[in-house]
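# Report on the structure
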Amino acid sequence: MATKLKRCVFIFVILQPFLDIFWLYQPPIATFLGMSPATLIRLVFIAVIGVLYLLSLRNKKELWFYGGYLLLLGVYFIFHQRNAMAFHSLVPGNFGYSTFGELFYIVRMLVPLFMIVVAARTEYTDNQFEHIINWLTIFFSGSIVLTNVLRISLGSYLRNWGTGNIFQQYPHQRITGTIFDWFRPSQTMDFYGMASKGFFNHANTTGAILVLLTPLVFYVVVKNFNWKNSILMGVHLLACQELGTKAAGYGVMLALAAYILVYLFFAFVKKEVHFNKYLALFFVVALFATYGLSRFAPSVNRQASEEVVEKEMKPTKKKTKHLAKQLDQITKTGTRKQQIKFINKYRDQFGLNKGFVTKTYPAKYDPQFWLGVMHWPAYSRMNYRYLQMQIWRRVSAINNNSKDKLFGFGYIRLNNMGLIERDFVSQYYAIGAVGMLLLVAPYILLILFLGLRMLFRFRDLFTLKNVTLIMGVIMAFAISLYAGYVLDYLTATILVGFFLGQLVLGTFPPRQATDRYAFDRSHELGR
């Protein structure tokens, strides 16, 4: 039974790139069954893995712990539901809260936590672990690079949907240039046409996954330095730059620089691996090459593009004074109807996104907020992440319910309005402090506990593999806090859960493995 569980988990992990294909989350595919088929496949796999896990579980007393946790979660959901139903806003419909949708979200948040439990009991050989990393690298990084070269990749930030089916809409989402066009002067400002995400759903989520895999890719090269693993590492570094997100582009360089130090530490101080001067040179050359390539990458061009747009958006000095005077006057003395008309008429001059003003948080229901936004500096008005945060603060202030801090006012409501692109903050609004304690805090507490355990048992647990795993997971959560789109997306959290579970296994090795390590060390010292 344990072998079947191990094989099923292996397949499930390798399937994640295929379950993150963009079109699986778009109509009509996503609406045919009422949910994405990817979600349905994941739930079926989780059910099978759950049954296999229970059949292979030796200590049935663990079930009491899981039962107690689910009971606490059920009690929390009752309070969360009551609080969410009492929500009030200026927008009719209160952003479409759904009890079933909210319950389903809680179930989704449980999936990666369950993966930690299962992965902590599923031991793979070094060769099998290397296969997992390599296949994930091929499917994620390899597909991004290949689709970019063939110019068939979806743009990381293109959202110009046309009419018709998904095949008719595809040309509006496809990149306009490949990596070979980065170096043409005429293309240096075409950020939105150059950033490539392959066929994956969200660029931010894909970026977090690439960063999570980065130290693991380096680990495979250190353990088995050959041409195949070296090429995969090069492909991975290239994909991180092609994706076009700052998190992936800069994160991979930071990870590479840090891993060079990790490698030197385990070669000369811990002496777990042999120092290979060619490997060290390969890492250094890769670092400089990645840095050089990043100077032409879409993530750099994005900043330049935004600066140009901001500059072009600024009206003349004379017009600026005129609009500012009108804005002050309409804010102080204008009627509600006049204020709404002014916002809709001049939103483009003030650089306001039409979708935010008309759909996300319609100005016709809260003109005072949008008039206040118009007084912001141009950079702040164009910073959609900051704007989204301020919208939710406004909504929360209008609701004015102190219980929101404890129980949250609903993920479905947050999602319908537009997720905050900063995890932990987004979940705090959605599920409150109690929900965070039950569904998010376990990750952080487990990382802290395992990190301390590695330090306290430095000799036998502070290994290259454990350091690599904790490094990847920490970086993934750092990206989650910075860019969002991680904790609520199963492709990322399932992989985080799997590797975090492998870290648990590495820091709580089976007794036989621990004894064998002690024998090997004593034999080595005696020799």
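Note that residues are indexed from 1 along each chain, following the sequence as it is written. Under the rules for a predicted model, residues below a pLDDT of 70 receive no local features and side-chain atom pairs below 80 are neither given nor counted, while totals for whole chains, interfaces and linings still include all residues. Based on all heavy atoms of the structure, the side-chain values leave hydrogens and waters out of the count.

### Considerations on the pattern of salt bridges
Opposite charge on two side chains permits them to pair, given that their charged atoms come into close proximity. Put simply, a salt bridge is a Lys or Arg side-chain nitrogen that is within 4 Å of an Asp or Glu carboxyl oxygen. Inspection of the entire model under this criterion finds 4 salt bridges. Of the charged contacts in the structure, one is a salt bridge between Arg151 and Asp181, with a shortest N-O distance of 3.0 Å. One end of the pair, Arg151, is in the loop between helix H6 (126–149) and helix H7 (166–173); the other, Asp181, is in the loop between H7 and helix H8 (191–194), with 30 residues separating them in the sequence. Only protein chains enter the area calculation, which uses a 1.4 Å probe; residues under 20% of their type maximum are buried, those over 50% are exposed, and those in between are partly exposed. Judged by relative accessible area, which is 35%, Arg151 ranks as partly exposed. Strands here are runs of E lasting at least two residues and helices are runs of H or I lasting at least four, both read from the DSSP assignment and numbered beginning at the N terminus.

### As for the confidence of the model for the chain
The predictor attaches a confidence to each residue, called pLDDT, with possible values from 0 through 100. In the predicted model, the chain carries a mean pLDDT of 86, and 90% of its residues have values of at least 70. By definition in these notes, contact holds between two residues if any of their heavy atoms fall within 4.5 Å. Predicted confidence is poor over residues 512–527, with pLDDT under 50, and the contacts of this stretch with residues over four places away or in other chains come to 7 contacts.

### A short note on the packing of helix H11 (residues 246–269) against helix H25 (residues 464–483)
Orientation is described by lines fitted to C-alpha atoms, with helices fitted over the stretch in contact, and by angles between N-to-C directions that extend from 0 to 180 degrees. Two elements in contact, H11 and H25, have axes whose closest approach is 11 Å; the angle formed by their N-to-C orientations is 160°. Comparing the axis directions of H11 and H25 gives the class roughly antiparallel. Considering how the two elements wind past one another, H11 and H25 form a crossing that is right-handed. Two secondary-structure elements touch here, H11 through Lys246, Ala247, Gly251, Ala255, Ala258, Tyr259, Val262 and Phe266 and H25 through Leu464, Val467, Thr468, Met471, Met475, Ile479 and Tyr482. Each residue is assigned to one of three groups, with Ala, Val, Leu, Ile, Met, Phe, Trp, Tyr, Cys and Pro labelled nonpolar, Asp, Glu, Lys and Arg labelled charged, and all others, Gly among them, labelled polar. Classifying every residue of the contact of H11 with H25 by side-chain character gives 12 nonpolar, 2 polar and 1 charged. Orientation labels follow simple angle bins: below 35 degrees gives roughly parallel, above 145 gives roughly antiparallel, 65 to 115 gives roughly perpendicular, and whatever is left gives oblique. Crossings are classed by handedness, with left-handed meaning an anticlockwise turn of the near helix from the far one by less than a right angle and right-handed meaning a clockwise turn.

### Details of the nonpolar core
Nonpolar side chains in soluble globular proteins generally cluster together in the buried interior. Working definition of a nonpolar core: buried Ala, Val, Leu, Ile, Met, Phe, Trp, Tyr and Cys residues. They are joined through side-chain atoms within 4.5 Å. In terms of nonpolar packing, the biggest core is built from 141 residues, with Phe283, Trp370 and Phe499 touching the most fellow members. If one sorts the elements of this core by residue count, helix H9 (residues 203–223) sits on top with 14 residues. One finds Ile179, Met194, Leu293 and Ala297 within the second-largest nonpolar core, a separate group that totals 5 residues.

### Focus: the packing of aromatic side chains
Pairing of aromatic side chains here covers Phe, Tyr and the six-membered ring of Trp, requires ring centres within 6.5 Å, and sorts the geometry by plane angle: under 30 degrees stacked, over 60 edge-to-face, intermediate tilted. Within the structure shown, the criterion is met by 46 aromatic pairs. Judged by centre distance (6.1 Å) and plane angle (50°), the ring pair of Phe95 and Trp392 falls under tilted. With Phe95 in the loop between helix H4 (62–85) and helix H5 (99–119) and Trp392 in helix H19 (residues 384–399), this pair connects stretches of sequence that are 297 residues apart. On the basis of relative accessible area, Phe95 is assigned to the buried category, the value being 10%. Measuring from ring centre to ring centre gives 5.5 Å for Tyr485 and Tyr489, while their planes differ by 35°; the resulting arrangement is tilted. Each member of the pair, Tyr485 as well as Tyr489, carries the same accessibility label: buried. Members of the aromatic cluster, joined through ring pairs, are Phe218, Phe225, Tyr259, Tyr263, Phe268, Phe275, Phe282 and Phe283. Geometrically, a charge over a ring is one whose NZ (Lys) or CZ (Arg) sits within 6 Å of the ring centre while staying within 35 degrees of the ring normal. Just above the ring of Phe458 sits the side chain of Lys270; from NZ or CZ to the centre is 5.6 Å. Looking at Arg453, its charged tip hangs above the ring of Phe508, at a distance of 3.8 Å from the centre.

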